[in-house]
Amino acid sequence: MGIKLYSEPVLEKPELICSWPGIGRIGVLAVDYLRRSISAKELGEIEPWDFFEPNKVIIKNGLIEQIVFPENKFYYQKLNDRDVILFIGEEQPSDGTNPYASGEKAYKMANLILDVAEKYNCPRIYTSGAAVTQVHHTQKPKVWAVPNNDGLLGEVKKYENTVLMSGGEGASAQGSITGLNGLLIGAAQKRGIDALCLMGEVPYYLQASPWPYPKGAASVLEVLAANLGITIDTIPLLEMAKKMDEAIDKFLDQLHNEESVPVELRNNIKEAIDKLKETHKSKGPITDEDQKRIMEHLDDFFKRGEGGDETRS
Amino acid sequence: MKHAVNLFSSPDFDNPVLIVNWADDTGHLGQTVFDHLNSSINGSNFGDIEPVNFFRLGGVQVSGAVARFPFSKLYSGNRKDLALFFTNTPQLEHYEFLSHLLDTCQYFLKAKEIFTINSSTSQVAHTSSRRLLAVFNQPDLQRKLRGYQFENLDWEGSPAFDSYLIWLGKKRNIPAVSLWPEVAFYLSSTGDPRAAKTVLSFFNRYLDLEIDFSGLDRQIEERDKKLASLRKENAQIDNFIRTLEMDIGLNENEQMTLAKTVDDYLNQN
């Protein structure tokens, strides 16, 4: 079990930016978009055997050609102001019941990533994911930031469109960051490496949806680009976000007209979601009970689209 | 980890073939094939893989009114060229489990080949002959076994545990093949003795064993008789099976009706 590096480039104090799939695929969308924008090159990978099950086999004419595992790859690029290493994981190591990393394997993976960070003297690590909030999907998502030491707080406060999980704008100073996004900045703290988790907002009513949320990814990307001192054309990402907005509007209309749901409940859901358009800035009056009730129904609605048989060979 | 593999004795092997059977596969194929192979070599258990780390041990499964503790056992008998591994499919830490098995295979047994057996549920009539599909991890072994009329499998999708095993074997340069005899889908829960005989006939010939097929032949005959009675009693079932005998597939509803009716009938008779 370990890291396999394809090359040994000389990098000047690169910043490490990591992502894994999660709600709205915000982290992966942002970091993969960055990878393509800066034409990052492959640096290496974490060997998958101890972390993941294979998800595909290719058998041709009776011969096994390949077994495919979720990829966990490092990329790098030398930029004008600073160099960068990216890490994109296709899956989080889990116990099979939870899609987010936890336990010994997750900690092992976090430490393998930190080994690469130390090998290249990375002064800073970013992780990126989603913050489920009462934002409306038509609003520009903010970025919630959590640094792993007090020394970073002053810097983070200066970021555009960013909220610290430390009060203000209705944010709570308490909370947790699930999976490797949280674990990695925690393990980095143990090794004395500065780290920061950037989370793009995603509307709470979409947290169970299987859709990507590019608008949240664009917000994260803006913060990352500013910190790296680069300009990134986010127009394609925002165009994708516009299409998603249309799909979300259509979905909410469909839900509002769903006859199997009592009319009163449908109207309440619509009203509660519409209310977010005006109320997000002050973390408005939607109650936790309202949120729970809406989510219970939306979960059912999303699950209807899931299922299907699996075949193996 | 250190004592995951227990060896109770050191049988004398001479680069044996290792045959891996799963105790929980479709059509009770693993159990039937293992019983016949083990009986043919008068085999006994000489080692096992500890279940800790590989199975959820929060209790014990009860099946057929009996508690069933997960097992992964190695067997040897009166042939130096054959070892058997009979196991439940591990629920956890698949890579580690397979690594232990392959370590045993490579360093203790010094096995020359690995065979795994699993079932390929198929729209085949119980009266028809069964194809034996195969997946090899090396072209040399594929060429060596060309005369046995395997059908080469093509597949791109989710991997079976067998595929994972032979792929890891390939990385260690251990020749391996997974065999997939066709099992009639409507016999997948009650057992398909004809499918078992197909794969056992191959081993009988390849390894020059003296497998006693009399019990299996009786099972096939009895099964055929029972299903012939069902066909006489039920025209719809007769029609479905006749359709399969003509190599024509059934739709999903027809398959479900046939499987349920056959299950109920065989369980009651």
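In this text, all values refer to a predicted model and were calculated from it rather than measured experimentally.

Novice: Help me out: how do you make sense of the overall build of chain B in this one?
Specialist: Counting its regular elements, chain B contains 8 helices and 13 strands. Relative to a compact globule of 269 residues, whose C-alpha radius of gyration would be 18 Å, chain B shows 19 Å and is just as compact. Referenced to the eigenvectors of the C-alpha coordinate spread, the extents of chain B come out at roughly 60 × 45 × 40 Å. Expressed as a percentage of contacts within chain B between residues at least 6 apart in sequence, the contacts between residues at least 24 apart total 78%. Surface accessibility of chain B: about 12600 Å² in total, with carbon and sulfur atoms responsible for 45%. Taking the average location of the 27 positive side-chain charges in chain B and that of its 34 negative ones, the two points are 3 Å from each other.

Novice: Help me out: how do you make sense of the domain arrangement of chain B in this one?
Specialist: Interfaces are often described in size by the accessible area the parts lose on coming together. Residue and element names in this part refer to chain B. By domain assignment, chain B separates into domain 1 (5–212) and domain 2 (216–268). The centre of domain 1, based on its C-alpha atoms, is set 28 Å off from the matching centre of domain 2. In this complex, domain 1 contributes 18 residues to the contact, which on the side of domain 2 involves 20 residues. For the pair domain 1 and domain 2, the two sides together bury roughly 1700 Å², of which 62% comes from carbon and sulfur. It is Gln123, Tyr186 and Pro193 that lose the most area in domain 1 upon contact with domain 2, and together they represent 34% of the buried surface on that side.

Novice: What am I meant to see in the nonpolar core here?
Specialist: In a soluble, globular protein the nonpolar side chains are often hidden away together inside. Of all hydrophobic cores here, the largest spans 74 residues; its most connected members are Leu16, Ile85, Ile113 and Ile125 of chain A together with Leu18 of chain B. Residue contributions to this core peak at 7 residues, all from helix α2 (residues 103–119) of chain A. Discounting residues that sit within four places of it in the chain, Ile85 of chain A has contacts with Leu11, Pro14, Glu15, Leu16, Ile17, Leu43, Phe74, Tyr75, Tyr76, Tyr120 and Cys122 of chain A. The next biggest cluster of nonpolar side chains, apart from the first, holds 48 residues, and it includes Ala30, Val31, Leu34 and Ile230 of chain A.

Novice: Please explain the sheet that holds strand β9 (residues 143–147) of chain A as it appears in this structure.
Specialist: In sheet architecture, strand pairing relies on hydrogen bonds along the backbone and comes in two forms, parallel and antiparallel. All names here are of chain A. Within the open sheet, the 9 strands sit side by side as β1-β3-β6-β7-β2-β8-β11-β9-β10. Their pairing is mixed. Two strands lie at the open edges of the sheet, namely β1 (3–5) and β10 (162–164), each paired on one side alone. Averaged over all pairs of adjacent strands, the angle between their axes in this sheet comes to 25°, without regard to strand direction. Pairing geometry for strand β3 (residues 41–46) and strand β6 (residues 72–78), over 4 bridges, is antiparallel. Residue Glu42 lies in a different strand from β6, and its bridge partner there is Tyr75. Its contacts with the sheet place α2 against β1, β2 (15–19), β3, β6, β7 (83–89) and β8 (124–133), and it is angled at close to 35° to β1. Contacting β2, β8, β9 and β11 (194–203), helix α4 (residues 179–191) crosses the sheet at an angle of about 145° to β8.

Novice: How should the pairing of β11 of chain A be read in this particular structure?
Specialist: The side chains of a regular strand alternate, residue by residue, between the two faces of the sheet. Residue and element names in this part refer to chain A. Counting buried residues along β11, 9 of its 10 residues qualify, which places the element largely inside the surrounding structure. Here 10 bridges tie β8 to β11, and the two strands are oriented parallel to one another. Across the sheet, the residue bridging to Gly129 is Met199, located in β11. Note that β9 and β11 share 5 bridges and pair antiparallel. Counterpart to Ala145 in the pairing with β11 is Leu198.

Novice: What should I look at first to understand the interface of chain B and chain A in this one?
Specialist: The partner chain A presents 24 residues to the 26 residues of chain B that form the contact. Carbon and sulfur atoms supply 57% of the area buried between chain B and chain A, which totals about 2400 Å² over both sides. Contact with chain A buries surface across chain B, with Trp155, Pro159 and Trp167 of chain B losing the most and accounting together for 28% of the total. Where chain B meets chain A, there are 2 salt bridges.

Novice: Honestly, the side chain of Ser209 of chain A in this entry has me stumped. Any pointers?
Specialist: Residue and element names in this part refer to chain A. Position of Ser209 relative to the elements: it lies in the loop between β11 and α5 (214–228). You can call Ser209 buried: its relative accessible area is 11%. A polar side-chain atom of Ser209 sits 3.2 Å from the main-chain amide nitrogen of Trp211.

Novice: Please explain the confidence of the model for chain B as it appears in this structure.
Specialist: Residues shown with low pLDDT carry predicted positions that ought not to be read at fine detail. Across chain B, pLDDT averages 94, with 99% of residues at or above 70. The weakest mean pLDDT in chain B belongs to strand β4 (residues 61–63) of chain B at 81; the strongest belongs to strand β7 (residues 82–87) of chain B at 98.

Novice: Help me out: how do you make sense of the side chain of Glu45 of chain A in this one?
Specialist: Residue and element names in this part refer to chain A. Along the chain, Glu45 falls in strand β3. A polar contact is formed between the side chain of Glu45 and the side chain of Tyr6, at a distance of 3.0 Å. Contacts of Glu45, omitting those with residues within four sequence positions, involve Gly2, Ile3, Lys4, Tyr6, Asn72, Lys73 and Phe74.

Novice: I keep staring at α5 of chain A and nothing clicks. Help me out?
Specialist: Helical geometry: 3.6 residues make up each α-helical turn, so side chains three or four residues apart lie on a common side. All names here are of chain A. Here α5 contains 15 residues, and its C-alpha end-to-end distance of 20 Å stays within 8% of the 21 Å for a straight helix at 1.5 Å per residue. Among the 15 residues of α5, 13 are classified as buried, and the element is accordingly described as predominantly covered. Directly beyond the C-terminal end of α5, a positive phi value near 70° is found at Gly229.

Novice: Explain the pairing of β7 of chain B here, please?
Specialist: Residues and elements named next belong to chain B. The buried count for β7 comes to 6 of 6 residues, which makes it a mostly enclosed element. Covered by surrounding structure in β7 are Leu82, Leu84 and Phe86 together with Ala83, Phe85 and Thr87, the residues of both alternating faces. Relative to β7, strand β2 (residues 17–22) runs parallel, the two sharing 6 bridges. Along β7, the bridge assignment pairs Leu18 with Ala83.

Novice: Help me understand a nonpolar patch on the surface in this model?
Specialist: Taken together, the side chains of Val52, Leu57, Val60, Val62 and Phe69 of chain B make up a nonpolar region of the molecular surface, amounting to roughly 450 Å² of accessible area. When you line up the elements, Phe69 of chain B lands in the loop between β5 (66–68) and β6 (72–76).

Novice: Please clarify how α4 of chain A should be interpreted in this entry.
Specialist: Residues and elements named next belong to chain A. The terminal C-alpha atoms of α4, which comprises 13 residues, lie 19 Å apart, in line with the 18 Å expected from a rise of 1.5 Å per residue. Buried residues in α4 make contact with β2, α2, β8, β9 and β11. Gly192 sits one or two residues past α4 and shows a positive phi near 75°.

Novice: Looking at this model, I keep getting lost on the packing of aromatic side chains. Mind explaining?
Specialist: For any pair of aromatic rings, the description rests on two quantities: the centre-to-centre distance and the angle between the ring planes. Under the counting rule described, the total for this entry stands at 30 aromatic pairs over all chains. When the centroid spacing of 5.9 Å and the interplanar angle of 50° are considered together, the rings of Trp49 of chain A and Trp167 of chain B count as tilted. With Trp49 of chain A in the loop between β3 and β4 (56–60) and Trp167 of chain B in helix α4 (residues 161–171), this pair bridges two chains. Here Trp49 of chain A falls in the buried class, since its relative accessible area comes to 16%. We classify Trp167 of chain B as buried; its relative accessible area is 7%. Between the aromatic rings of Phe51 of chain A and Phe52 of chain A, the centroid separation amounts to 6.2 Å while the plane-to-plane angle is 50°, which identifies the pairing as tilted. Looking at Phe51 of chain A, the relative accessible area reads 5%, which means it is buried. Within the aromatic cluster, the residues linked to one another by ring pairs are Phe115, Phe136, Tyr148, Phe150, Phe202, Phe203 and Tyr206 of chain B. Directly above the aromatic system of Tyr75 of chain A lies the positively charged group of Arg35 of chain A, at a separation of 5.1 Å from the ring centroid. For Lys119 of chain A, the ring lying beneath its charged end belongs to Tyr120 of chain A, and the centroid distance is 5.8 Å.

Criteria and thresholds
Numbering of residues begins from 1 in every chain and follows the order in which that chain's sequence is written. As they are written, the chains are lettered A onward and the ligands numbered 1 onward, keeping that order. The model is predicted, so local features are restricted to residues of pLDDT at least 70 and side-chain atom pairs to those at 80 or more, both for listing and for counting; the totals for chains, interfaces and linings are taken over all residues. Remark: hydrogens and water are excluded; side-chain values derive from all non-hydrogen atoms of the structure. Under the DSSP-based scheme used, a helix requires at least four consecutive residues in state H or I and a strand at least two consecutive residues in state E, with every element numbered from the N terminus. In this setup the radius of gyration rests on C-alpha atoms only. A globule is expected at 2.2 Å times the number of residues raised to 0.38. It only takes one pair of heavy atoms within 4.5 Å for two residues to be counted as in contact. Only the protein chains shown count as cover for residues, with accessible areas throughout obtained via the Shrake-Rupley method and a probe of 1.4 Å. His is not counted, nor are the chain ends; Lys and Arg add positive charge and Asp and Glu add negative charge. The atom standing in for a charge is NZ when the residue is Lys, CZ when it is Arg, CG when it is Asp and CD when it is Glu. Reported domain spans reflect what an automatic or database domain assignment gives. Values labelled buried area give the accessible surface lost by two parts on being combined, using a 1.4 Å probe and summing over both. By nonpolar core is meant a set of buried Ala, Val, Leu, Ile, Met, Phe, Trp, Tyr and Cys residues that side-chain atoms within 4.5 Å join together. Only protein chains enter the accessibility calculation, which uses a 1.4 Å probe; a residue whose area is less than 20% of its type maximum is buried, one above 50% is exposed, and one in between is partly exposed. If DSSP finds at least two bridges between two strands, the strands pair. Axis geometry follows a simple rule: fit a line to the C-alpha atoms, using only the stretch in contact for helices, then measure angles between N-to-C directions, giving values from 0 to 180 degrees. A pair is scored as a salt bridge if a Lys or Arg side-chain nitrogen falls within 4 Å of a carboxyl oxygen belonging to Asp or Glu. What qualifies as a polar contact is a pair of N or O atoms within 3.5 Å, subject to a donor-acceptor requirement within protein and to the restriction that residues adjacent in sequence count only when both atoms come from side chains. Per-residue confidence from the predictor is given as pLDDT, running between 0 and 100. In this scheme, a helix's expected span is set at 1.5 Å multiplied by one less than its residue total. The residues that make up patches have over 30% relative accessible area and no salt bridge, and they are joined within 9 Å when like-charged or within 5 Å when they are Val, Leu, Ile, Met, Phe, Trp or Tyr. Ring geometry is summarised as follows: Phe, Tyr and Trp rings, the Trp one being its six-membered ring, pair when their centres sit within 6.5 Å, and such pairs are stacked at plane angles under 30 degrees, edge-to-face over 60 and tilted between the two. Charge over a ring is defined by NZ of Lys or CZ of Arg lying within 6 Å of the ring centre and within 35 degrees of the ring normal.

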